[in-house]
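# Overview (structure and organization)
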Amino acid sequence: MTVAGWIEIVLFLALLTAITPPLGAYMARVFRGEPVLLTRVAGPVERVTYRLLRVDPERGQDWKGYARSVLVLSAVFGGVLYLILRTQSAFPWNPRNLGAPPWDLSFNTAASFLTNTNWQYYAGETTLSSFSQMAGLAVQNFVSAGVGIAVLIAFIRGLAARSGNHLGVFYVDLTRAILYVLLPLSVVVGLVLVSQGAVQSLHGLTEATGLTGRPQTFLTGPVASQEAIKELGTNGGGFFNVNSAMPYENPTWLSNFVEMLAILAIPAALTATYGRMVENRRQGWMVFGAMMSLFVVAVAVVYIAEAHATPAMQAAGLTGDNLEGKEQRFGIASSALFTAVTTAASCGAVNAALEALSGFGGVVPMAQIMTGEVIWGGVGSGLYSMLMFVILGVFIAGLMVGRTPEFLGKKIEAREVKLTVLGTIAVPMMVLVATAVAIATKWGAPSIYDHGPQGFSESLYAYTSQTNNNGSAFAGYTGFVQPNGTNAGAFGISFADVLGGLAMLAGRFIPLLAALAVAGALAGKRVAPAGLGTLRTDTPTFGVVLVAVVLIVALLTFVPALLLGPVVQGLSDQLYG
Amino acid sequence: MRELRTAVIAALALTVALGLAYPLAMTGAAQLIFPGRADGSMVEVGGRVVGSTLIGQDFARPTGRKDAAGDPVLAPDPRYFQSRPSVTGYAPAATFFNNQGPNQKALAGQLDGFARAYLARERPYTPGLTRRGIPSDAVTTSASGVDPQISEANARIQANRVARRRGLPLARVLTLVDDHASRPLFGLAGPKSINVLQLNAALDREPSR
């Protein structure tokens, strides 16, 4: 650990806090349909889009209509993406003439990008053509992020509605999320990344002969444009197999800093958007504070853990930081911070190999994902999941102090509580069941790479990450065997691909539908004025309650599993293999 | 039906706009504003492409011997600073990580091998160098397998060997190391690092004696 490292972390947190109010206010204006600076350019495009889609922006949808639009669009896009992958040899920009990935890998990858997970069983540059990456994957980077934001906005409208049962119009929210937020930010971030050295070209392969005569083959592609939305949309699927550790994706310390800010900017700012839309900014800050306090602990633990030699290093007589699987230009601080950022947000991009993290270093990414991706979380999905925990917190706290549970002046009744519990418990249950099936049956075994508890950690991480739509990995765990650099003769491990794919779909859509249903149930409720008996939800005290609910309901479920894997490794110097 | 029709049109429109127009426009803009960087920061020496400043490479030469499989055995060229070890053959177009966890025997063995090789290479020129004195970047593999940089401490150890083998004054080599050491954010953050390819290319430009 160094003073400079801590300064970097504090600087990052300060900048994140500073951009939250202005960006949050901007998004609130956008989703209320108020004019912003970009309206001049984007307004006409918006109107053409609605005409093309034959959508009436004035005709609001109830929660079922909104959910139907989300599901139908997702189904269509899932099909489109699967077809693009399966026919990639027919498309241009395929410098290596790669064939189609196998069906099981394609299913997993399509599910992965559709659900904003971006889990990578495929190996970017050696499995997929530039066309598949930009017209297939990167489109989903925008759309899945846009869907997350749209559903959040609909959820907030349900909380704030004074009458009626309308949550807005899905295609209007999606269009605005892309046109006013994701696309302009991607252009800016993409060009900043190119200025640092991220590649953006369609030249394909370049041969070089090094200073001592060693040959080296280089591949470029439309990387920066994909990298930008990969971070901003908390997607995380890299153009290259090693993701943001690859210098062509993330060339410098500065590009790394920008990428980290890009990952958390929108999820953090949405808390301010929420505060404005429910006309109580303190509500937004309460959620922001709860997320920040959990996050600060996570960052500190990884940073401290990685600044020590691992058991394998000690066995080889080495001292110093755990630089295994880390890049020199980032060092321990930027690697630790990125790791915490990407697993807090449901991003899953990595600038270091998570499999090589020390035992306790590895607890943090897993534990953050296990909270259900609510420490910032994915764009939109993080906050609507956190607001479900808020409702749960209101219910629990209300019971404890003997008051009628109310949230934003609306009574929380049986239907909302049932749906909320479904939305918050379903994902942890699926993680545990999928992991249990994967480690207890012979089908899960071929995917495991490391020995001892690390092999269990790989499995646990794989299903935790996929079900919670994160996408980062202990990447020894595999669903795709790729013998020799091209995918001729390669095959998918069907069990891992299909189980993972289903986990991602269920982990995305069950909480999403539960959130919309809760919003639908709350939308029509009468707002009672706050009285002396009202439990206030915009105070630091309630923030503590919220943190406790997250820890107890989500994280506590996983403590036994964590003990068996990364914690055991952190406590012992024993080597396995 | 109406819902499906809307979704199909939306999928087509979004694919064309975000999947083709956006990346192609970005490519055009990047090529216009940052031509060299957008194409991979390639380095030319004497009109020949020798690599990329952003991508680490292997500064090794064939020894003339062959291994059991009949492939030529390579050895690090002692006249050059050496990159961090890589198990991917420094392949920037087929990247992967070895994925050995922190408590794997295989990782301990790999680290031990790299430490032996480092000591064998550097100790003749840096007497008193021990395992505990090896900077950890010198024996660990990076996540990308193509890390272009090494730590300052690693470069200072290697400078002893490079100076001797090239017949250059140590002070001159250390000056070159300092010239190529960079620290982000005006020297406030991040580790001080040296780009190995740029440093080696600068060494090759030194007048030989």
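Per chain, residues are indexed from 1 in the order of the written sequence. In the order they appear in the text, chains get letters beginning with A and ligands get numbers beginning with 1. Totals for whole chains, interfaces and linings use every residue, but because this is a predicted model, local features are given only for residues with pLDDT of at least 70 and side-chain atom pairs only at 80 or more, for both listing and counting.

Right, let's get into the overall build of chain B. Strands are runs of DSSP state E lasting at least two residues, helices are runs of H or I lasting at least four, and both sets are numbered from the N terminus onward. Helices and strands together make up the secondary structure of chain B, namely 7 helices and 7 strands. When the helices and strands of chain B are listed from N to C terminus, the series reads α-α-β-β-β-β-α-β-α-α-β-α-β-α. C-alpha atoms define the radius of gyration, and 2.2 Å times the number of residues to the power 0.38 defines the globule rule. Taking 209 residues into account, the globule formula puts the C-alpha radius of gyration at 17 Å, and chain B, at 22 Å, lies well above it. Counting only C-alpha atoms and orienting by the principal axes, one finds that chain B spans roughly 80 × 45 × 45 Å. Residues with at least 20 other C-beta atoms within 10 Å of their own are called buried, those with 12 or fewer are called exposed, and the rest are partly exposed. The C-beta atoms themselves are positioned from the backbone. Counting every position in chain B, which comprises 209 residues, the buried fraction comes to 46%. Sequence separation of at least 24 residues holds for 56% of the intrachain contacts in chain B that already meet a minimum separation of 6. Working definition of a contact: two residues with C-beta atoms, positioned from the backbone, lying within 7 Å.

What follows is about the overall build of chain A. Looking only at helices and strands, one finds 19 helices and 6 strands in chain A. Taken over C-alpha atoms, the radius of gyration comes to 23 Å for chain A, in line with the 25 Å a tight globule of 577 residues would show. Seen through its C-alpha atoms, chain A measures out along the principal axes to roughly 75 × 55 × 50 Å. Looking at chain A alone, contacts between residues at least 24 apart form 79% of all its contacts between residues at least 6 apart.

The residue serine 41 of chain B is not glycine, and still its phi comes out positive at about 50 degrees. Its place among the elements puts serine 41 of chain B in the loop between helix H2 (35–38) and strand E1 (42–45).

Moving on: the domain arrangement of chain B. When the domains of chain B are assigned, the result is domain 1 (2–38) and domain 2 (42–205). If you average the C-alpha positions of domain 1 of chain B and of domain 2 of chain B, the two centres end up 40 Å apart. Domains are outlined according to an automatic or database domain assignment.

What follows is about the nonpolar core. Put simply, a nonpolar core is buried Ala, Val, Leu, Ile, Met, Phe, Trp, Tyr and Cys residues tied into one set by C-beta atoms within 7 Å. Val151, Phe155, Leu516 and Ala519 of chain A are the most contacted members of the largest nonpolar core, which totals 232 residues. A per-element tally of this core places helix H6 (residues 130–160) of chain A first, with 19 residues. In terms of domain composition, this core takes at least three residues from each of domain 1 (2–38) and domain 2 (42–205) of chain B. Phenylalanine 155 of chain A has contacts with Tyr384, Leu387, Ala515, Leu516 and Ala519 of chain A, leaving out every residue within four places of it along the chain.

Residues and elements named next belong to chain A. Between the first and last residue of a helix there are one fewer steps than residues, each counted as 1.5 Å, and that sum is the expected span. Under the 1.5 Å per step criterion, the end-to-end length of helix H15 (residues 414–440) is 37 Å for 27 residues, consistent within 8% with the ideal 39 Å. Note on bend: at a given residue it equals the angle between the axes fitted to the 7 residues ending there and to the 7 starting there. Within H15, the axis deviates most sharply at isoleucine 425, by approximately 30 degrees, and proline proline 428 lies no more than four positions further along. Burial in H15 covers these residues: Glu416, Leu419, Thr420, Gly423, Thr424, Val427, Pro428, Met430, Val431, Ala434, Thr435 and Ala438. Turning to H15, the residues buried within the fold contact helix H14 (381–401), helix H16 (453–467), helix H17 (494–523), helix H18 (540–554) and helix H19 (559–571).

All names here are of chain A. Note on geometry: axes are C-alpha line fits, over the in-contact stretch for helices, and angles between N-to-C directions span 0 to 180 degrees. Packing of H15 against H16 leaves a shortest axis separation of 9 Å and a crossing angle of 145 degrees. Judged by the sense of rotation from one axis to the other, the crossing of H15 with H16 is right-handed. Side by side, H15 and H16 meet where Val427, Met430, Val431, Ala434, Thr435, Ala438 and Ile439 of the first sit next to Phe456, Ser459, Leu460, Tyr463, Thr464 and Thr467 of the second. A breakdown of the residues in the contact of H15 with H16 according to their chemical character gives 9 nonpolar, 4 polar and no charged. Here a crossing is taken to be left-handed if its near helix is turned anticlockwise relative to the far helix by less than a right angle, and right-handed if that turn runs clockwise. Gly falls in the polar group here, along with every residue not listed as nonpolar (Ala, Val, Leu, Ile, Met, Phe, Trp, Tyr, Cys, Pro) or charged (Asp, Glu, Lys, Arg).

All names here are of chain A. By the secondary structure assignment, phenylalanine 257 is in helix H9 (residues 253–277). Residue classification places phenylalanine 257 among the buried residues on the basis of 22 C-beta atoms within 10 Å. Sequence spacing of phenylalanine 257 and phenylalanine 12 is 245 residues, and the spatial spacing of their C-alpha atoms is 7.9 Å.

What follows concerns the pairing of E1 of chain B. Whether two strands pair comes down to DSSP finding at least two bridges between them. Sheet topology note: the E1 of chain B/strand E2 (residues 48–52) of chain B ladder contains 4 bridges and is antiparallel. Bridged to valine 45 of chain B within E2 of chain B is arginine 48 of chain B.

Next up on the list: the sheet that holds strand E7 (residues 193–195) of chain B. Residue and element names in this part refer to chain B. Strand order in this open sheet of 3 strands is E5-E7-E6, and the pairing throughout is antiparallel. Each of the sheet's edge strands pairs with one partner strand only, and the pair in question is strand E5 (149–151) and strand E6 (181–182). As paired elements, E6 and E7 share 2 bridges and run antiparallel to each other. Each bridged residue has a counterpart across the sheet, and for alanine 181 the counterpart in E7 is isoleucine 194. Together, E5, E6 and E7 form the strand contacts of helix H4 (residues 152–166), whose direction differs from that of E5 by roughly 85 degrees.

We now examine the pairing of strand E3 (residues 60–66) of chain B. All names here are of chain B. Among the 7 residues of E3, 0 are classified as buried, and the element is accordingly described as predominantly exposed. Examined bridge by bridge, E3 and strand E4 (residues 72–76) share 4 bridges and lie antiparallel to one another. Among the inter-strand pairings, arginine 61 is bridged to a residue of E4, identified as alanine 75. The antiparallel pairing of E3 with E4 creates a hairpin that spans 5 residues between the two strands, and glycine 70 there sits at a positive phi of about 90 degrees.

A few words now on the interface of chain A and chain B. Contact residues are listed per partner, giving 104 residues for chain A and 91 residues for chain B. Taken together, the residues of the side of chain A that touches chain B sort by class into 55 nonpolar, 37 polar and 12 charged.

Right, let's talk about the environment of glutamate 8 of chain A for a bit. Tracing the sequence through the fold places glutamate 8 of chain A in helix H1 (residues 3–32). Separated by 147 residues in sequence, glutamate 8 of chain A and phenylalanine 155 of chain A have C-alpha atoms that sit 35 Å apart. Apart from residues no more than four positions distant in its own chain, glutamate 8 of chain A is found in contact with Ala333, Ser334 and Leu337 of chain A together with Ala189 of chain B.

Let us look at the confidence of the model for chain B. Per residue, pLDDT measures the predictor's confidence, with a range of 0 to 100. Across chain B, the average pLDDT comes to 93, with 98% of residues at 70 or higher. With pTM at 0.96, the complex prediction returns an ipTM value of 0.95.

Another point: the environment of glutamate 259 of chain A. Residue and element names in this part refer to chain A. Structurally, the position occupied by glutamate 259 is in helix H9. Residue glutamate 259 is classed as buried on the basis of its 28 C-beta neighbours within 10 Å. Through-space distance from the C-alpha of glutamate 259 to that of leucine 232 is 8.1 Å; in sequence the pair is 27 residues apart.

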